[in-house]
Amino acid sequence: IPSQLEHGILAEDQTMPSFAKTAVAALLLSCSCVSGFVAPSGQVPSVVAPSSAESNTALNIFSEDIPYGEESRKYRRTVYDFDAWKKHRSQDRFWRNMSTIASSGIYRGLLNEVGAVSAVAALAIVWNGLANGFTDFDGVTHEAIINGLPKLTLPMSVFTVTSPSLGLLLVFRTNASYERWDGARKMWGLMINRSRDVVRMGAQWYAPGTEKSGFLEEGAPLAEIDEEVKAEKLNRLSKSVWSFSRALARHLTPPDEDEEQFQKDVRERLEPAQAEALIASDHRPNRAMYDIGCAINDLPMHFMRLNQMDLDVAHFEDISGGCERIFGTPVPLVYSRHTARYLTAYLLMLPLGLYSGFGDSWNHIALVPSVAAISLFLFGIEELATSLEEPFSILPLIGISNKIGANCDELASFKSSLPEPPVALETTMATTSSMSEGVPKIAAPEPVVVEVEPEVEAEPEVEAVVTEVAEPKSRKFRIPFTKSRN
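Novice: Mind showing me how you'd approach the overall build of the protein chain here?
Specialist: A count of helical and extended segments in the protein chain gives 15 helices and 4 strands. Burial status across the protein chain gives 35% buried among its 486 residues. Carbon together with sulfur atoms contributes 58% to the accessible area of the protein chain, which is approximately 29,500 Å² in total.

Spelled out as structure tokens, the structure:
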């Protein structure tokens, strides 16, 4: 037999080598099925580009040294601009997305699962070839090698009945995960808005001399604003607002990924004492909010305006608590685990149900790539849901924090481009209802004297003195009236 194999000559009665070739071909299509569902090691796997063109291992279809799995999450923190949106909705997006399947981090992390399903398909082909016969490479049909083996198949009705419930589970799983991602992004969007608002109010309401009453007392001179002191205090406010977003970003990311860069950023932007206090804190976002409150209290303005700024700072506490809730509480484990088990069992048995439908292909060999593609996309749905469930490692938190810092620094440096209006002492009071720059005082009207004519037949008059209160002086006048007989 070895000599005949060497020359490529096989007799029709030598069925075992022909079937061995069939079995080997089916197993090669299973894509490294032996390692299916093996628990990953502590080190994050990565795919390395082949060192030579002759290398033909399964993983060398990738041309770049890009990590996948958990390590690839940091490369999904995309911030779109105009060019990115134009490319995103281009007409060739379908073919472009299909061409990048091999480099997708989601699919590259599913090789073990897809390989396991392909292995079941290959096993079904080999088993049924032994039990029911097979066709060799020359097109010759052979009888069963091992008689008495049952045919390894399942009726398709099993999958028809169970597929709707599996679809519902996957839909609910992805919706729940997307809501968590959407909620996290909205919280950070609210943080951007409130951060800008706090610094804007601090820059616009900076008014020395109005701390107590909210307006300049009559006769008091207008206080001159020291621009250097103002810039210093607003800069402290801006940096403190930035420190909260940066501290929260570090609070929600792994220490080994961001701790070193966090300490470097904080020491570069904050005063040494403030930076070291923030780094040494157990809960850094809380310390950053305390620093914001101190910076606000140091601004000269009426307490009602300070209170309005503090209301915006209170939103930071809600944002921090909301992010911690999402991070610390996953989708109920019973739900996610049941979905994963259901999907795994469904796909592992799927080759047995599809086996008979591929009878037109050579030894049902088309079953292997078909179930591999199906399992790749169905496992991908569950993988997407798991990736979105914890959204902070795929959101550009540090990029958002840097954007907040740049916006706040710019707001703190703004100067009014409008000409200064003449300021009257009577128009400098800030009311609590409008919180505007000033509401003019309304002059009191002159008192009006009302004269009442006496009646024709009147009793002796009784004079009464009525005092009308008016500003700025009071005036007395007499009103005659008739005493009633009743």
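Novice: Sorry if this is basic, but what is going on with the nonpolar core here?
Specialist: Most often, soluble globular proteins have nonpolar side chains that are buried together. With 48 residues, the main nonpolar core has Trp 188, Leu 237 and Met 309 as its most contacted residues. Counting only elements with at least two residues in this core, the list comes to helix H7 (157-204), helix H8 (227-251), helix H9 (255-269), helix H10 (272-280), helix H11 (284-297), helix H12 (303-328) and helix H15 (397-412). Residue contributions to this core peak at 9 residues, all from H7. When neighbours within four sequence positions are excluded, Trp 188 is seen to be in contact with Ser 245, Leu 248, Ala 249, Leu 252, Cys 323, Phe 392, Leu 397 and Ile 400.

Novice: Honestly, the confidence of the model for the protein chain in this entry has me stumped. Any pointers?
Specialist: Across the protein chain, the average pLDDT comes to 76, with 69% of residues at or above 70. Contacts of residues 461-486 to residues separated by more than four positions or lying in other chains number 30 contacts, the stretch itself having pLDDT below 50.

Novice: Before we go on, may I ask you to explain the pattern of salt bridges in this structure?
Specialist: Pairing of side chains with opposite charge becomes possible as their charged atoms draw close. In this structure the tally under the stated criterion is 16 salt bridges. The residue Arg 173 makes a salt bridge to Glu 389 at a minimum N-O spacing of 3.1 Å. With a gap of 216 residues between them, Arg 173 in helix H7 and Glu 389 in helix H14 (residues 367-389) connect regions that are remote in the sequence. On the basis of relative accessibility, which here comes to 11%, the residue Glu 389 falls in the buried class. Three or more residues are tied together by salt bridges with common partners; here these are Arg 173, Glu 382 and Glu 389.

Novice: Looking at this structure, how should I read the packing of H8 against H15?
Specialist: Two numbers describe a pair of packed helices, the interaxial angle and the distance between the axes. Between H8 and H15, whose axes approach to 9 Å, the crossing angle comes to 170°. The pairing of H8 with H15 is recorded here as roughly antiparallel in orientation. Along the contact surface, H8 presents Leu 234, Ser 238, Lys 239, Val 241, Trp 242, Ser 245, Arg 246 and Ala 249, while H15 presents Leu 397, Ile 398, Ser 401, Asn 402, Ile 404, Gly 405, Cys 408, Asp 409 and Ala 412. Of the residues in the contact of H8 with H15, the class split is 9 nonpolar, 5 polar and 3 charged.

Novice: Quick question: what am I supposed to make of the side chain of Thr 253 here?
Specialist: Along the chain, Thr 253 falls in the loop between H8 and H9. Within the structure, the side chain of Thr 253 is placed 2.9 Å from the backbone oxygen of Ala 249, a separation counted as a polar contact. The contacts of Thr 253, once residues within four sequence positions are left out, are Asp 258 and Leu 397.

Novice: Would you explain a nonpolar patch on the surface in this entry?
Specialist: Judged by side-chain polarity, Phe 94, Trp 95 and Met 98 come together as a nonpolar surface patch covering roughly 440 Å² of accessible area. Considering the arrangement of structural elements, one finds Phe 94 in helix H4 (residues 93-99).

Novice: Sorry, what's going on with H11 here?
Specialist: An α-helical turn contains 3.6 residues, so a residue and the one three or four places further along point in the same direction. Between its first and last C-alpha atoms H11 spans 20 Å; for 14 residues at 1.5 Å apiece the expected length is 20 Å, and the two agree. Next to the buried residues of H11 lie H7, H8, H9, H10 and H12.

Novice: Would you mind going over the environment of Gly 109 with me for this structure?
Specialist: Relative to the elements of secondary structure, Gly 109 occurs in the loop between helix H5 (105-108) and helix H6 (111-132). Taking the C-alpha atoms as reference points, Gly 109 and Gly 380, 271 residues apart in sequence, are found 9.3 Å from one another.

Novice: Mind showing me how you'd approach H15 here?
Specialist: Spanning 16 residues, H15 covers 23 Å between terminal C-alpha atoms, matching the ideal 22 Å at 1.5 Å per step. Leu 397, Ile 400, Ser 401, Ile 404, Gly 405, Asn 407, Cys 408, Leu 411 and Ala 412 are the residues of H15 that are buried. On its buried face, H15 sits against H7, H8 and H9.

Novice: Help me out: how do you make sense of unusual backbone geometry in this one?
Specialist: Comment: phi is negative for the bulk of residues other than glycine, and the bulk of peptide bonds are trans. The phi angle at Asn 363 is positive, at roughly 50°, despite the residue not being glycine. Secondary-structure assignment places Asn 363 in the loop between helix H13 (333-354) and H14. Given the relative accessible area of 11%, Asn 363 is considered buried.

Novice: Explain the side chain of Asn 128 to me, please; I cannot follow it from the model alone.
Specialist: In this fold, Asn 128 is placed in helix H6. Asn 128 has contacts with Gly 133, Pro 150, Lys 151, Leu 152, Thr 153 and Tyr 355, leaving out every residue within four places of it along the chain.

Novice: Looking at this structure, how should I read a negative patch on the surface?
Specialist: Taken together, the side chains of Asp 226, Glu 228, Glu 232 and Glu 271 make up a negatively charged region of the molecular surface. Tracing the chain through its elements places Glu 228 in helix H8.

Novice: Teacher, can you tell me more about the packing of H7 against H14 here?
Specialist: Relative orientation of the contacting elements H7 and H14 amounts to 25°, with a least axis distance of 8 Å. On the basis of their axis angle, the class for H7 and H14 is roughly parallel. Relative to H14, H7 is oriented so that their crossing is left-handed. On H14, the residues that touch Leu 170, Arg 173, Thr 174, Ser 177, Tyr 178, Arg 180 and Trp 181 of H7 are Ile 381, Glu 382, Ala 385, Thr 386, Leu 388 and Glu 389. Of the residues that constitute the contact of H7 with H14, the class distribution is 6 nonpolar, 3 polar and 4 charged.

Novice: Just checking my understanding: could you explain the packing of aromatic side chains for this structure?
Specialist: Applying the stated criterion across every chain yields a total of 7 aromatic pairs. An angle of 25° between the planes, with centres 5.8 Å apart, marks the rings of Tyr 178 and Trp 181 as stacked. Residue Tyr 178 and its partner Trp 181 are both found in helix H7; the two are separated by 3 residues, about one turn of the helix. Look at Phe 244 and Phe 316: their rings are 4.9 Å apart centre to centre, the planes differ by 15°, and that puts the pair in the stacked class. Here Phe 244 is found in helix H8, whereas its partner Phe 316 is found in helix H12, with 72 residues between them in sequence. Classification of Phe 316 by relative accessible area gives buried; the value is 0%. Above the face of the Trp 242 ring, Arg 269 is positioned so that its terminal group lies 4.5 Å from the ring centre.

Novice: Just checking my understanding: could you explain the environment of Phe 172 for this structure?
Specialist: Along the chain, the position of Phe 172 falls in helix H7. Residues Phe 172 and Thr 339 lie 167 residues apart in sequence; the distance between their C-alpha atoms is 9.8 Å.

Novice: Explanation requested: the environment of Leu 169 in the structure shown.
Specialist: Among the secondary structure elements, Leu 169 is positioned in helix H7. Leu 169 sits 173 residues away from Tyr 342 along the chain, and the two C-alpha atoms are 9.0 Å apart. Once residues within four sequence positions are removed from consideration, Leu 169 is found in contact with Tyr 335, His 338, Thr 339 and Tyr 342.

Calculation rules
- Residues numbered from 1 in each chain as written.
- Predicted model: local features only at pLDDT ≥ 70, side-chain atom pairs only at ≥ 80, totals over all residues.
- Heavy atoms only, no water.
- Helix = DSSP H or I, 4+ residues; strand = E, 2+ residues; numbered from the N terminus.
- Buried < 20%, exposed > 50% of the residue type's maximum accessible area, 1.4 Å probe, protein only.
- Areas by Shrake-Rupley, 256 points an atom, 1.4 Å probe, with all protein chains shown as cover.
- Core = buried A, V, L, I, M, F, W, Y, C linked by side-chain atoms within 4.5 Å.
- Contact = heavy atoms within 4.5 Å.
- pLDDT = per-residue confidence, 0-100.
- Salt bridge = Lys/Arg side-chain N within 4 Å of Asp/Glu carboxyl O.
- Axes fitted to C-alpha atoms, helices over the stretch in contact; angles between N-to-C directions.
- Parallel < 35°, antiparallel > 145°, perpendicular 65-115°, else oblique.
- Nonpolar A, V, L, I, M, F, W, Y, C, P; charged D, E, K, R; others polar.
- Polar contact = N/O pair within 3.5 Å; in protein donor to acceptor, adjacent residues only side chain to side chain.
- Patch = residues over 30% accessible without salt bridge, like charges linked within 9 Å, V, L, I, M, F, W, Y side chains within 5 Å.
- Expected span 1.5 Å × (residues − 1).
- Lys, Arg positive; Asp, Glu negative; His and termini not counted.
- Charge placed at Lys NZ, Arg CZ, Asp CG, Glu CD.
- Left-handed = near helix turned anticlockwise from the far one by under 90°.
- Phe/Tyr/Trp six-rings, centres within 6.5 Å; stacked < 30°, edge-to-face > 60°.
- Lys NZ or Arg CZ within 6 Å of the ring centre and 35° of its normal.

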